[in-house]
Amino acid sequence: MDELASEIYELVKTKMEEQGAFDRDSYDQIVEETIDYFREKGKLTDDDNDEFIRDELDEMFETAVDELADRK
């Protein structure tokens, strides 16, 4: 996973934990919100491949749930 996707992933996990949202639909929504946030802050530009980042994050769903479960 590239550095930008890793940064987004960490924020997604934080939001999941804060919101108690551990299902797939919530994960997908948080990913979209976080990508939008990064775009608003200028960390994501038109030169970045949003689809590739989404695909990487999509593959990380189970890992995110497992990592958050380990924290409890």
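The structure displayed is predicted, hence computed values, not measured ones. (Residues numbered from 1 in each chain as written. Predicted model: local features only at pLDDT ≥ 70, side-chain atom pairs only at ≥ 80, totals over all residues. Heavy atoms only, no water.)

## Looking at the confidence of the model for the protein
For the protein, the mean per-residue pLDDT works out to 94, and 99% of the residues sit at or above 70. Of all the helices and strands in the protein, helix α4 (residues 61–71) carries the lowest mean pLDDT, 92, while helix α2 (residues 24–40) carries the highest, 97. (pLDDT = per-residue confidence, 0-100. Helix = DSSP H or I, 4+ residues; strand = E, 2+ residues; numbered from the N terminus.)

## Topic: the pattern of salt bridges
As enumerated under the stated definition, the model contains 8 salt bridges in all. One salt bridge in this structure joins Arg-24 and Asp-28, with 3.5 Å as the shortest N-O distance. In this pair, Arg-24 and Asp-28 both sit in helix α2, 4 residues apart, roughly one turn of the helix. Its relative accessible area of 32% is what places Asp-28 among the partly exposed residues. Where salt bridges share partners, they join Glu-10, Lys-13 and Glu-67 into one cluster. (Salt bridge = Lys/Arg side-chain N within 4 Å of Asp/Glu carboxyl O. Buried < 20%, exposed > 50% of the residue type's maximum accessible area, 1.4 Å probe, protein only.)

## Description of the packing of α2 against helix α3 (residues 50–59)
Between α2 and α3, the least distance of the axes is 11 Å, while the angle of their chain directions is 145 degrees. For the crossing formed where α2 meets α3, the hand is right-handed. Judged by residue contacts, Arg-24, Tyr-27, Asp-28, Val-31, Glu-32, Ile-35 and Arg-39 of α2 engage Asp-50, Ile-53, Arg-54, Leu-57 and Asp-58 from α3. For the contact of α2 with α3, the class distribution of residues is 5 nonpolar, no polar and 7 charged. (Axes fitted to C-alpha atoms, helices over the stretch in contact; angles between N-to-C directions. Left-handed = near helix turned anticlockwise from the far one by under 90°. Contact = heavy atoms within 4.5 Å. Nonpolar A, V, L, I, M, F, W, Y, C, P; charged D, E, K, R; others polar.)

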